[in-house]
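# Observations on the three-dimensional arrangement
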Amino acid sequence: MNQTISNEEFYAALEQLPKPHYPFPDFIHPDFHQQREEYYTWIDTEYIIHSKEAREKHKQHQLTDIASRGCPFLKTIAELRPLANYTANGAMMDDYFDRCSREEMYKITNRIMALVTGENPVEPSENGIFHLFWVLKQDAVKCGIPEHIYKRFTKSMKDVFMGYAEEKVYYRTNTIPPLSMYLLIREETSGVKPYCYYVALQKEYRNIPNDVFDHPFIKRIYALSSLMIGIHNDIISLPKELSREGDTMNLVKVLQQEKKISLTQAYMEALELHNIYLEEFLLLQKNLPTFDNHQELIYDYVQDLGIMIAGVYAWHTNDTFRYLNNGYVEGEYPS
């Protein structure tokens, strides 16, 4: 029988446990300070639906730094802006609608998608979440994102928001999902697949043939990227999620329940699964299939997906306020 320890004892031991590590360099976009300032303006002008306390907390989260670290080689801040918008608005929206129902989240998703795809071209009359997503579409047009990449970017955004909807079932009932359900949902809710397509706007990757993005090797690399970031997010946010009822979509909690093991054992198994995914990522990169004249370009693209992963992890470990006690923004949507 496994010896149980209290959450407090686990917190004390947590600092001594091993952490994720990546063999990729870490960069940040040179305009990240300017993008931060725009982010603060978004919060003050668009997020008036949030309480002042919530807005001040969000400012300390520095959410646009995720975009600056994940795609550090974009040429201009104009190219960075749509990704920063998706990242910050998506995260703050997720906070705001934290306890809404599955059905409500699907309605919200449909409205957002109509705005970012241009199906609904009408500018929302009030500032807020939906207006900021409308702005994302306008900024994407201004900076000339190729249509095939933008379509993949927005389609993968929809998958993220559908994942948000499906996890509400577990949040609202304070239920920990089975491992298979967790992995299916977390692959989307990590929010990474839109980044995988956005990385293709860097350097010369726009020259990669469109059908390469549908290749099974590349799609598996996207899945691995999403799961690694989802897992390292779970590891970093674990203390916060152990203290809040309803935060059940965490791999450590899932493994603890599924295998009837201690928190420490579950933590180590979560890290082991993360490392297995990392080994597979590196193996696939080393053994990419033949892509004719684009071989070196696609190898470099996959390498920059690794830099994206390392960059997001650098944000998680540098900007920790979001995951500290009293740093998290509670859902304020009157469901």
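Here, the structure is the one placed above.
Just so we're clear, the structure is a prediction, and the values are computed from it rather than from any experiment.

When you go through the protein chain residue by residue, the secondary structure sums to 14 helices and zero strands. Starting at the N terminus and ending at the C terminus, the protein chain contains elements arranged as α-α-α-α-α-α-α-α-α-α-α-α-α-α. On C-alpha atoms alone, the protein chain measures out to a radius of gyration of 19 Å, which is about the 20 Å that the 2.2 N^0.38 rule sets for 335 residues. Judged by the C-alpha coordinates and their principal axes, the protein chain covers about 60 × 50 × 35 Å.

Attention now moves to the environment of Tyr-40. Relative to the helices and strands, Tyr-40 is located in helix H2 (residues 32-45). Taking C-alpha positions, Tyr-40 is 13 Å from Ala-54, a pair spaced 14 residues apart along the chain. With residues near it in sequence (within four places) discarded, Tyr-40 still touches Lys-59 and Gln-62. In terms of polar contacts, Tyr-40 uses its side chain to reach the side chain of Gln-62, at 3.0 Å.

Attention now goes to the packing of helix H6 (residues 102-117) against helix H7 (residues 129-142). The geometry of H6 relative to H7 is characterised by a closest axis approach of 7 Å and an angle of 30 degrees between their N-to-C directions. What the angle tells us is that H6 and H7 run roughly parallel. With respect to the hand of their crossing, H6 and H7 are arranged in right-handed fashion. Here Ile-108, Arg-111, Ile-112, Leu-115, Val-116 and Thr-117 of H6 come into contact with H7, specifically with Phe-130, Phe-133, Trp-134 and Lys-137. Per-class residue counts for the contact of H6 with H7 are seven nonpolar, one polar and two charged.

With that out of the way, let us pick up the packing of aromatic side chains. Going through the model one piece at a time under the given rule, you end up with 15 aromatic pairs. Summarising the aromatic geometry, the rings of Phe-24 and Phe-281 are spaced 5.7 Å apart at their centres and angled 75 degrees between planes, so their arrangement reads as edge-to-face. Taken together, the residues span a long stretch of sequence, with Phe-24 in the loop between helix H1 (7-14) and H2 and Phe-281 in helix H13 (residues 263-286) at a distance of 257 residues. Phe-281 shares its class with Phe-24; the two are buried. These aromatic residues form a ring-pair network of at least three members: Tyr-86, Tyr-150, Phe-153, Tyr-195 and Tyr-198. Taking the ring centre of Phe-73 as reference, the NZ or CZ of Lys-203 above it sits at 4.2 Å.

A few words on the packing of H6 against helix H8 (residues 147-172). Interhelical geometry of H6 versus H8 gives an angle of 170 degrees and a closest axis separation of 8 Å. In terms of their interaxial angle, H6 and H8 are classed as roughly antiparallel. Residue-level contacts link Arg-102, Met-105, Tyr-106, Thr-109, Ile-112, Met-113, Val-116 and Thr-117 of H6 to Tyr-150, Thr-154, Met-157, Lys-158, Phe-161, Met-162, Tyr-164, Ala-165, Glu-166, Lys-168 and Val-169 of H8. In terms of residue class, the contact of H6 with H8 is made up of 12 nonpolar, three polar and four charged.

Here we take up unusual backbone geometry. Across the chain, the bulk of peptide bonds are trans and the bulk of non-glycine residues have phi less than zero. Its identity as a non-glycine residue notwithstanding, Gln-62 has a phi of 50 degrees, on the positive side. Summarising the element assignment, Gln-62 is placed in the loop between helix H3 (52-61) and helix H4 (64-70). Relative accessible area serves as the criterion here: at 11%, Gln-62 is assigned to the buried category. One non-glycine residue, Asn-174, adopts positive backbone phi at about 55 degrees. Mapped onto the fold, Asn-174 is located in the loop between H8 and helix H9 (179-189). The partly exposed category is assigned to Asn-174, whose relative accessible area is 38%.

Before going further, it helps to spend a moment on helix H11 (residues 216-243). Over its 28 residues, H11 extends 39 Å from the first C-alpha to the last, a length consistent with the 40 Å expected when each residue adds 1.5 Å. Where H11 bends most, at Ser-237, the angle is about 65 degrees, and the proline Pro-239 comes one to four residues later. With 21 of 28 residues buried, H11 is to be regarded as a mostly interior element.

Applying the stated rule across the entire model yields 24 salt bridges. The closest approach of N and O atoms between Arg-36 and Asp-65, which form a salt bridge, is 2.7 Å. Here Asp-65 lies in helix H4 and Arg-36 lies in helix H2, a separation of 29 residues in the sequence. Asp-65 shares its class with Arg-36; the two are buried. Between Lys-259 and Glu-269 there is a salt bridge, with the nearest N and O atoms lying 2.7 Å from each other. In this pair, Lys-259 sits in helix H12 (residues 251-259) while Glu-269 sits in helix H13, placing the two residues 10 residues apart along the sequence. If you follow the salt bridges from partner to partner, you end up with Asp-98, Arg-99, Lys-240, Glu-241, Arg-244 and Asp-247 in one network.

With that settled, consider the nonpolar core. Counting residues in hydrophobic clusters, the biggest one holds 107 residues, and the most contacted among them are Met-93, Phe-133, Ile-218, Phe-281, Tyr-301, Leu-305 and Met-308. Residue contributions to this core peak at 12 residues, all from helix H14 (residues 295-318). Among residues more than four places away in sequence, those in contact with Phe-133 are Asn-89, Gly-90, Met-93, Ile-112, Val-116, Met-157 and Phe-161.

Quick notes on the rules
- Residues numbered from 1 in each chain as written.
- Predicted model: local features only at pLDDT ≥ 70, side-chain atom pairs only at ≥ 80, totals over all residues.
- Heavy atoms only, no water.
- Helix = DSSP H or I, 4+ residues; strand = E, 2+ residues; numbered from the N terminus.
- Rg over C-alpha atoms; globule rule 2.2 N^0.38 Å.
- Contact = heavy atoms within 4.5 Å.
- Polar contact = N/O pair within 3.5 Å; in protein donor to acceptor, adjacent residues only side chain to side chain.
- Axes fitted to C-alpha atoms, helices over the stretch in contact; angles between N-to-C directions.
- Parallel < 35°, antiparallel > 145°, perpendicular 65-115°, else oblique.
- Left-handed = near helix turned anticlockwise from the far one by under 90°.
- Nonpolar A, V, L, I, M, F, W, Y, C, P; charged D, E, K, R; others polar.
- Phe/Tyr/Trp six-rings, centres within 6.5 Å; stacked < 30°, edge-to-face > 60°.
- Buried < 20%, exposed > 50% of the residue type's maximum accessible area, 1.4 Å probe, protein only.
- Lys NZ or Arg CZ within 6 Å of the ring centre and 35° of its normal.
- Expected span 1.5 Å × (residues − 1).
- Bend = angle between axes of the 7 residues up to and from the residue.
- Salt bridge = Lys/Arg side-chain N within 4 Å of Asp/Glu carboxyl O.
- Core = buried A, V, L, I, M, F, W, Y, C linked by side-chain atoms within 4.5 Å.

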